[in-house]
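Survey of secondary and tertiary structure
Letter by letter, the chains look like this.
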Amino acid sequence: ANVILPHAEKVSSHQEFLPDSEQLWLVYSEPTTSNIRFILSCTEGPLGKYPLFIVPVAPIKLTPELLQGPMEAFCEALLNEVDFRRQRVFSVFSVEPVAKAFANAWEKITEIKCMDKPYYDALFSMCTPETLVRSGSQSTDEDIELRLAVPQDADKISKLCEEFADTSHPFLLSYEQASEEARLLIDNGQIWVHEIKEGGETDIASIVAATRQSDTVAAITKVYTPEKWSRKGRAERLVRRVCRELLKTHEQVVLYVGSDKNSAQKLYNRVGFQDLCKKTPERWLEIGFDKAEVELGHW
C-alpha cells in the first residue's frame, strides 16, 4: 500500500497540491459485498504522471482465473472516465500476478501491446527495528559526513539524479528535470548524502532518497553511488544511517530491489532488510506498453 497511501494522504490533506492535476483512485469490491479486494491509483506528481499502481488489500489467491474479472473491470472503469485517454497508461506496477493480469486485460481491450520485458522486475523487502543491523564495516575515508541534504548540495545532487535516471530506461531526465527533482527532494527533507573529503576534494559519494512516507511505513526510493566512489561500502553506510533515522518515527522501512542476484541485494541484507533470501520472495513487476502508442510519465 506504500506505493499508493502516502500520495493519497498528501493530495487529500493539501488541496493546493498540484492543482488541476490528474488524481484518480478506483477500488474493486467483491460482487454484492463491500469487501475491497484491490485499489488502483492513476495519479501524477510534480515531475509527471505515475504508472498505474495496483495493490491487493486483502488475502486472496492471485491466480490468473480469479484476477481476470477484477482487472477487466478496472480497465473498463478507466476507459469510462470522462476525458480519460488510453495513451495515459504507459505502465502498470504491482505484485507479479496482478501486473501480468492487468497488462493482459489492457492489451486485449485497448489493443495496445505490452512490452515483452518488464521495465522493472523487483523484490519487495522491509527492515524493522528488530532486524536492523546497526553497525557495519568501518570507513577508510579520511573524513565523512552522513546527513540530510541542504540547498548548497543542489548542483551535485542534480547530476546524481540525472545519472540515476540514466540507469532506469526509458524514464530518463534532462538536467533541468533532474535539477527540479533535486530541489523538491531537498526542500521536502527527503534526500540524504554521504559527503566525503579526500585528498582536499569534497564530494557527494552516495545519495539515498526516502519519498513515500505514511504514519507507520517509510520507503527508500532511490539509492545511487557514482562509479568513482563505488565499492567502498559508502552506499551501505548511508542506507544504514537513513534506516536508523527513519525507524525512530516509523515501524518499517521498505524498498524494492532488482530481482536478479546482485550486489544491491547483498547490501540490503547486510543492513537488515528481510525476505530477499526466501525461496519465494514477493516479486513486483512494472510492465510497460508500446511506447509508440502511449505517453511516458515519470516516477
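Anything mentioned here points back to the structure above.
Here's a quick rundown of the structure. Just so it is clear, the model here is predicted, and its values are computed rather than measured. As a convention, each chain's residues are numbered from 1 in the sequence order in which they are written. Since the coordinates come from a predicted model, pLDDT governs what is reported: local features require at least 70, and pairs of side-chain atoms require 80 or more to be given and counted, while whole-chain, interface and lining totals use all residues. Water and hydrogen atoms play no part in the side-chain values, which are based on all heavy atoms of the structure.

Right, let's talk about the pattern of salt bridges for a bit. Side chains that differ in charge, positive against negative, can pair when their charged atoms come close. In what follows, salt bridge is the name for a side-chain nitrogen of Lys or Arg lying within 4 Å of a carboxyl oxygen of Asp or Glu. A complete count under the given rule lists 21 salt bridges for this structure. Across the salt bridge formed by arginine 283 and aspartate 121, the nearest N and O atoms sit 2.4 Å from each other. A residue pair is termed long-range when its members are at least 10 positions apart, and arginine 283 in strand 14 (residues 283–288) and aspartate 121 in strand 6 (residues 120–127) qualify at 162 residues. What emerges from the salt-bridge pattern is a single network uniting Glu96, Lys100, Asp121 and Arg283. Numbering goes from the N terminus for both helices and strands, where a helix is a DSSP run of H or I of at least four residues and a strand is a run of E of at least two.

We define the nonpolar core as a collection of buried residues of types Ala, Val, Leu, Ile, Met, Phe, Trp, Tyr and Cys that are connected through side-chain atoms lying within 4.5 Å of one another. Burial classification: accessible surface area is computed with a 1.4 Å probe over protein chains only, and a residue below 20% of its type maximum counts as buried, one above 50% as exposed, and the rest as partly exposed. Judged by nonpolar contacts, the single largest core of 45 residues is most densely connected at Leu40, Ile54, Met71, Phe74, Leu78, Phe102 and Phe289. With seven residues, helix 3 (residues 96–110) is the largest single contributor of residues to this core. Counting residues in hydrophobic clusters, the runner-up holds 23 residues, among them Trp192, Ala235, Leu246 and Tyr268.

Before going further, it helps to spend a moment on the environment of isoleucine 207. Note that isoleucine 207 resides in strand 9 (residues 201–209). Judged by its relative accessible area of 0%, isoleucine 207 is buried. It only takes one pair of heavy atoms within 4.5 Å for two residues to be counted as in contact. For isoleucine 207, the contacting residues outside a window of four places in its chain are Ile157, Leu160, Ile191, Trp192, Val193, Lys222, Val223, Tyr224 and Leu238.

Now for the packing of aromatic side chains. Aromatic rings from Phe, Tyr and Trp, taking only the six-membered ring of Trp, are treated as a pair when their centres fall within 6.5 Å; an angle between ring planes under 30 degrees marks them as stacked, one over 60 as edge-to-face, and anything in between as tilted. Applying the stated criterion across every chain, the model contains 16 aromatic pairs. Relative to tyrosine 120, the ring of phenylalanine 93 lies with its centre 6.3 Å away and its plane at 20 degrees, an arrangement referred to as stacked. Residue phenylalanine 93 is located in strand 5 (residues 91–95), and its partner tyrosine 120 is located in strand 6; the two are separated by 27 residues in the primary sequence. Take tyrosine 120: its relative accessible area is 26%, and that puts it in the partly exposed class. Ring centres of phenylalanine 164 and tyrosine 224 lie 6.2 Å apart, and the angle between their planes is 75 degrees; on these two criteria the pair is classed as edge-to-face.

We now examine the packing of helix 2 (residues 64–79) against helix 3. Helix-helix packing is characterised by the crossing angle of the two axes and by the distance between the axes. Where helices are involved, their axes are fitted lines through C-alpha atoms of the stretch in contact, as for all axes, and angles between N-to-C directions lie from 0 to 180°. Taken N-terminus to C-terminus, the directions of helix 2 and helix 3 make an angle of 50 degrees; their axes are 9 Å apart at the nearest point. Classified by the angle between their axes, helix 2 and helix 3 sit oblique to one another. Crossing handedness for the pair helix 2 and helix 3: right-handed. Residue-level contacts link Leu67, Gln68, Met71, Glu72, Phe74, Cys75, Glu76, Leu78 and Leu79 of helix 2 to Pro97, Val98, Ala101, Phe102, Ala105, Trp106, Lys108, Ile109 and Thr110 of helix 3. The classification used treats Ala, Val, Leu, Ile, Met, Phe, Trp, Tyr, Cys and Pro as nonpolar, Asp, Glu, Lys and Arg as charged, and all other residues, Gly among them, as polar. Its residues assigned to classes, the contact of helix 2 with helix 3 shows 13 nonpolar, two polar and three charged. The cut-offs work like this: below 35 degrees is roughly parallel, past 145 is roughly antiparallel, 65 to 115 is roughly perpendicular, and the gaps in between are oblique. Crossings are classed by handedness, with left-handed meaning an anticlockwise turn of the near helix from the far one by less than a right angle and right-handed meaning a clockwise turn.

Right, let's get into the pairing of strand 9. The buried fraction of strand 9 is high, at seven of nine residues. Taken together, the eight bridges between strand 8 (residues 191–198) and strand 9 define a ladder with antiparallel strand orientation. Bridge pairing in strand 9 links isoleucine 196 to aspartate 203. Counted between consecutive antiparallel strands, the loop separating strand 8 from strand 9 contains two residues, among which glycine 199 sits at a positive phi close to 60 degrees. Pairing between strands is defined by DSSP: at least two bridges between them are needed. Strand direction decides the pairing type here: strand 9 and strand 12 (residues 222–224), joined by three bridges, are antiparallel.

What follows covers helix 2. Along an α-helix, a turn takes 3.6 residues, which lines up residues three or four apart on a common side. A helix is expected to reach a length of 1.5 Å times the quantity of its residues less one. For helix 2, built from 16 residues, the straight-helix expectation of 22 Å at 1.5 Å per residue is met to within 8% by its first-to-last C-alpha distance of 22 Å. Within helix 2, the full set of buried residues consists of Leu67, Pro70, Met71, Phe74, Cys75 and Leu78. Projected onto a plane normal to the axis of helix 2, the buried residues spread over an arc of 145 degrees and lie on a single side. Where helix 2 is buried, its residues contact strand 1 (23–29), strand 2 (36–45), strand 4 (52–56) and helix 3. The arc in question is the one traced by the directions running from the helix axis out to the C-beta atoms.

Just distances and angles here, no functional claims.
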